[in-house]
Amino acid sequence: MAAVAWGRCFPRVWLRRRAGPGCGRHYRAALCAELKQPLAIEEVASCPVRPHEVRVDVHFCGVNFADILVCRGQYQEKPQLPFTPGMEFSGTVLETGTDVSTVKEGDRVIGVSGFNGMAEECIIDHKTLWQIPEGVPLREAATLPVSYVTAILALEHRACTRPGETVLVTAAAGATGLAVIDVATNVLQAKVIAAAGSDEKCSLAMRKGAQSIVNYSQGSLKEAVRKLVGSDGVNVVIDAVGGDVFLEALRSLAWEGRIVVVGFAGGTIASVPANLLLLKNVSAMGLYWGRYKEQNFPVFSRILSSALQYCQQGRIQPHIGAVFKLEEVNDAFLHVIQRKSMGKSLFGRSSV
Ligand SMILES: NC(=O)c1ccc[n+]([C@@H]2O[C@H](COP(=O)([O-])OP(=O)(O)OC[C@H]3O[C@@H](n4cnc5c(N)ncnc54)[C@H](OP(=O)(O)O)[C@@H]3O)[C@@H](O)[C@H]2O)c1
């Protein structure tokens with residue numbers, strides 16, 4: 001239902017020019033001027049960079065489920081209107097502020113901003129930029145900050161996943177889901193049961209390294225997992241769906257299992273029956289990517305650097321399902337919200 005309503009209110013974008021102070025140049029940006037309304041593409045005046053800032057020529061920007069929630073006013077962070085969404089991007093440095101020595105003009109970088117990424121250029125604090133190592137394409141690099149950092153934080157930092165353990169991941173063919181499969185199998189040497197909402201998604205998850213699959217649109221997740229692993233259950237669950245899927249996943253945990261709440265894509269926040277935690281000595285925990293950036297930057301930065309390194313070494317292989325042009329912003333949002341996306345969706349310049 002939500003997806004239908006979203007679709008109805010989202011025609012193609014329109015282009016207009018926003019007046020404002022600046023240094024004479026203009027660039028195009030996706031703009032959310034009113035919550036739950038279509039985004040527009042506007043020409044925005046470039047601002048001068050401050051001493052600690054860097055201007056980046058944005059080549060690719062991730063489309064995250066959270067961007068859509070922000071534009072609906074349903075995300076935990078609520079920027080002041082109007083704003084440009086986009087939490088992660090890759091590109092090349094155009095200009096640096098006088099105090100910046102970490103990057104220089106022409107460097108290839110990825111950036112993490114609360115917002116602002118869905119634009120042709122972006123001004124960002126130099127501390128939230130990372131150099132892209134040689135051999136890692138800008139396209140692949142743009143997938144790392146949200147999906148892969150979330151996957152590594154959830155599996156490694158929160159659930160302390162050990163080699164040989166069994167990980168159940170829901171929405172497994174999504175951006176976060178495929179990153180979880182990639183990291184769990186290829187970095188942590190765990191075994192993955194991938195749960196997703198269609199056979200097509202399940203077979204993609206299998207091709208990307210899952211050992212077993214469950215299509216939860218066709219019956220009980222808990223029963224299907226029991227058939228795969230017996231009554232012992234799984235060691236770790238990474239859940240991005242919530243509601244009944246979360247509850248069935250919780251009931252699929254083994255003795256001393258860990259479930260990490262990553263999101264509520266299904267729209268329902270479940271309550272945890274505390275008796276289930278007690279009976280099998282299991283732990284339920286949360287993971288909020290953006291909060292690590294604020295509260296524990298060293299961990300955030302270390303994990304993002306490891307993701308870049310894994311990518312350079314070929315240990316992880318991000319799956320990019322679709323690349324949209326900036327002016328297709330509303331189509332891109334629909335693609336994700338209507339559950340059509342598989343792997344990461346990006347905005348980008350197709351020629352790069
Ligand atoms: N906590 C964090 O720091 C963090 C970081 C990244 C993402 N997240 C959250 O994780 C979830 C997935 O994010 P993502 O960007 O990776 O998106 P995504 O997986 O690429 O897309 C969302 C997926 O959720 C599943 N889903 C189930 N019910 C749905 C519904 N009613 N409407 C739409 N989708 C539904 C769909 O997969 P199936 O068809 O297979 O069910 C869909 O493909 C979101 O809730 C997001 O906010 C949280």
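Residues numbered from 1 in each chain as written. Predicted model: local features only at pLDDT ≥ 70, side-chain atom pairs only at ≥ 80, totals over all residues. Heavy atoms only, no water.

In the nomenclature of an unreviewed UniProt entry, the chain corresponds to Quinone oxidoreductase-like protein 2 isoform X2 from the organism Panthera pardus.

(A) Representation of the pairing of strand 16 (residues 344–348). Within strand 16, five of the five residues are buried, leaving the element largely enclosed by the surrounding structure. Going residue by residue along strand 16, you find Lys344, Leu346 and Gly348 tucked away on one face and Ser345 and Phe347 tucked away on the opposite face as well. Here strand 4 (residues 53–63) pairs with strand 16 via four bridges, running antiparallel. Across the sheet, Gly62 pairs through a bridge with Leu346, a residue of strand 16. By the bridge criterion, four bridges tie strand 15 (residues 320–324) to strand 16 in an arrangement that is parallel. (Buried < 20%, exposed > 50% of the residue type's maximum accessible area, 1.4 Å probe, protein only. Helix = DSSP H or I, 4+ residues; strand = E, 2+ residues; numbered from the N terminus. Pairing = 2+ DSSP bridges.)

(B) Region of the structure containing the environment of Phe65. By secondary structure assignment, the location of Phe65 is in helix 2 (residues 65–72). Residues within four places of Phe65 in sequence aside, it is in contact with Ala265, Val336 and Ile337. (Contact = heavy atoms within 4.5 Å.)

(C) Region of interest: the environment of Leu204. Within the secondary structure layout, Leu204 lies in helix 6 (residues 199–207). For Leu204, a relative accessible area of 3% puts it in the buried group. For Leu204 and Gly242, which are 38 residues apart along the polypeptide, the C-alpha to C-alpha distance reads 22 Å.

(D) Quick look at the sheet that holds strand 12 (residues 234–239). Strands sit in the order 11-10-9-12-13-14 across an open sheet of six strands; the sheet is parallel. The two strands at the open ends of the sheet, each matched to only one other strand, are strand 11 (212–215) and strand 14 (283–286). Adjacent strand axes in the sheet meet at a mean angle of 15°, parallel and antiparallel pairs treated alike. Pairing of strand 9 (residues 166–169) with strand 12 involves three bridges; the strand directions are parallel. Following the sheet pairing, Val169 is matched in strand 12 by Ile238. Relative to strand 11, helix 7 (residues 221–229) is tilted by about 160°, and along the sheet it contacts strand 9, strand 10 (191–196), strand 11 and strand 12. Those strands touched by helix 8 (residues 243–250) are strand 9, strand 12 and strand 13 (253–261), and its axis lies near 155° from that of strand 13. (Axes fitted to C-alpha atoms, helices over the stretch in contact; angles between N-to-C directions.)

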